[in-house]
Every structure is written in C-alpha cells, then in structure tokens.
Amino acid sequence: DEYTLNTWLARWLEIYVNIEFEKQQWLLPRSLSPVILYVKNHLEKPLTRDRVARACGLSPSYLSRLLKSATGYTFSELLNRFRTDRACWLLDHTSLTASDIGYAAGFSDQSYFTKTFKRYQGTTPGAYRVQQKRAAPPSLHEITKKEAF
C-alpha cells in the first residue's frame with residue numbers, strides 16, 4: 001500500500017543520507033582523522049576537548065580551530081552529534097532502555113541526554129524508537145507472508 005511504500009522510501013533515503021554523510025567525513029583534513037577516531041571509540045567515557053587534544057598530540061586551541069574550520073562545529077557540538085548518532089543506532093538495534101542508551105552513548109545525566117537528543121534529532125529518544133519501528137522497511141519475509149494470503 002501507499003503508506004508502506006512511503007515509509008520504506010523514507011527509511012532508505014535516511015540510510016542513503018547517512019552513507020553520504022560518512023563519505024564526507026573522509027574529506028576532512030588528515031590531522032582530524034585521529035581525533036574523529038578517538039572520539040568515536042571513546043564516546044561512552046567523559047571526554048573533554050583538552051583530553052582529546054592531548055591524546056591526539058594537538059594543542060586544545062588548535063583542535064578547536066581545526067574542528068570549527070573543517071566541520072563548522074565546536075568540539076562540544078561534534079561530540080553531542082556523535083553521541084546522539086550512537087544513541088540512534090542503539091535505539092534502532094537494541095532493546096536497551098532510553099536511560100541505559102544515554103549512558104552507553106556517553107551522557108552522564110538522563111535529563112541532559114533527552115534534551116540533547118531532542119535538540120539534534122527533533123524528538124525524544126522514546127518517540128524516535130517508535131517512529132523508527134513504524135518506518136522500518138518490511139523484510140522480504142513479511143512481504144511474501146502478506147502476499148501469500
């Protein structure tokens with residue numbers, strides 16, 4: 001039906017956009033590669049600009065300038081974007097509670113997690129999970145099962 005087709009198309013468009021976003025990350029300056037890798041591999045830990053800069057052999061002020069000029073984001077904005085992206089993945093692929101997902105994505109406070117998630121995703125974690133389940137494209141098994149009857 002039309003609703004199923006629309007939700008399927010919307011989900012695949014989202015996947016395409018995410019893939020394109022990932023490709024864009026490879027266009028970042030080479031000096032940012034270890035920074036991005038370090039942040040993504042340590043999201044669940046308390047991260048500060050100074051800690052990341054030190055781990056990557058950069059001065060904190062240079063890291064800030066580099067991030068802002070290459071991505072348009074401050075360190076905190078980029079960190080929160082990565083953390084909300086991780087939370088989205090966990091919401092899509094696990095049955096963990098929103099609270100556990102917030103902690104797994106590196107947020108130490110549930111209220112701050114919900115507020116930040118809503119700022120970047122436009123909805124709360126719980127509402128996001130419900131929307132994603134509705135928008136998920138049907139599996140081949142589900143499609144053939146419907147057509148068999």
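Note: the structure precedes this text.
Described in the following lines is the structure provided in the data block. (Residues numbered from 1 in each chain as written. Predicted model: local features only at pLDDT ≥ 70, side-chain atom pairs only at ≥ 80, totals over all residues. Heavy atoms only, no water.)

## Notes on the side chain of arginine 83
Position of arginine 83 among the secondary structure elements: in helix H5 (residues 75-93). No salt bridge is formed by the buried arginine 83, whose closest oppositely charged neighbour, glutamate 44, lies at an N-O distance of 7.7 Å. Ignoring sequence-local partners within four residues, the contact set of arginine 83 consists of Leu43, Lys45, Pro46, Leu47, Ala105, Gly106 and Phe107. (Helix = DSSP H or I, 4+ residues; strand = E, 2+ residues; numbered from the N terminus. Buried < 20%, exposed > 50% of the residue type's maximum accessible area, 1.4 Å probe, protein only. Lys, Arg positive; Asp, Glu negative; His and termini not counted. Salt bridge = Lys/Arg side-chain N within 4 Å of Asp/Glu carboxyl O. Contact = heavy atoms within 4.5 Å.)

## Points about empty space enclosed by the protein
Over the atoms rolls a probe the size of a water molecule, and in doing so it shows where empty space is left. Evaluated as defined, the whole model comprises 1 cavity of 30 Å³ or more. Here the largest cavity is characterised by a volume of approximately 40 Å³. Lining the largest cavity, in full, are Val35, Ile36, Val39, Leu67, Phe75, Leu78, Leu79 and Phe82. A total of 4 residues in the lining of the largest cavity trace back to one element, the largest contributor, which is H5. Of the residues belonging to the lining of the largest cavity, the class tally is 8 nonpolar, no polar and no charged. (1 Å grid on protein atoms, 1.4 Å probe; cavity = no way out; pocket = protein on both sides within 12 Å on 5 of 7 lines; lining within 4 Å. Points joined across faces, edges and corners; volume = space filled by probe spheres on them. Nonpolar A, V, L, I, M, F, W, Y, C, P; charged D, E, K, R; others polar.)

## What to know about a nonpolar patch on the surface
Judged by side-chain polarity, Leu5, Trp8, Leu9 and Trp12 come together as a nonpolar surface patch covering roughly 400 Å² of accessible area. We classify tryptophan 12 as partly exposed; its relative accessible area is 41%. (Patch = residues over 30% accessible without salt bridge, like charges linked within 9 Å, V, L, I, M, F, W, Y side chains within 5 Å. Areas by Shrake-Rupley, 256 points an atom, 1.4 Å probe, with all protein chains shown as cover.)

## Description of the side chain of threonine 123
With respect to the helices and strands, threonine 123 occurs in the loop between helix H7 (110-121) and helix H8 (125-135). Excluding residues that lie within four positions of it along the chain, threonine 123 makes contacts with Phe117, Lys118, Tyr128 and Gln131.

## Brief notes about the packing of aromatic side chains
This model, assessed by the stated rule, comprises 4 aromatic pairs. Pairing phenylalanine 113 with phenylalanine 117 gives two aromatic rings, centres 5.8 Å apart and planes at 65°, and the pair type is edge-to-face. Pair noted here: phenylalanine 113 and phenylalanine 117 are both in helix H7, with a separation of 4 residues, about one helical turn. With respect to burial, phenylalanine 113 and phenylalanine 117 carry one shared label: buried. With a centroid separation of 5.6 Å and 80° between ring planes, the pair formed by phenylalanine 117 and tyrosine 128 is classed as edge-to-face. Of this pair, phenylalanine 117 sits in helix H7 while tyrosine 128 sits in helix H8; the two residues are 11 residues apart in sequence, bridging distant segments of the chain. (Phe/Tyr/Trp six-rings, centres within 6.5 Å; stacked < 30°, edge-to-face > 60°.)

## A few points about the packing of H5 against H8
At a closest axis distance of 9 Å, the pairing of H5 and H8 adopts a crossing angle of 50°. As the angle between them shows, H5 and H8 are arranged oblique. Relative to H8, the crossing made by H5 is right-handed. Contacts from Cys88, Leu90, Leu91 and Asp92 of H5 reach H8 at Pro125, Tyr128, Arg129 and Gln132. Of the residues in the contact of H5 with H8, the class split is 5 nonpolar, 1 polar and 2 charged. (Axes fitted to C-alpha atoms, helices over the stretch in contact; angles between N-to-C directions. Parallel < 35°, antiparallel > 145°, perpendicular 65-115°, else oblique. Left-handed = near helix turned anticlockwise from the far one by under 90°.)

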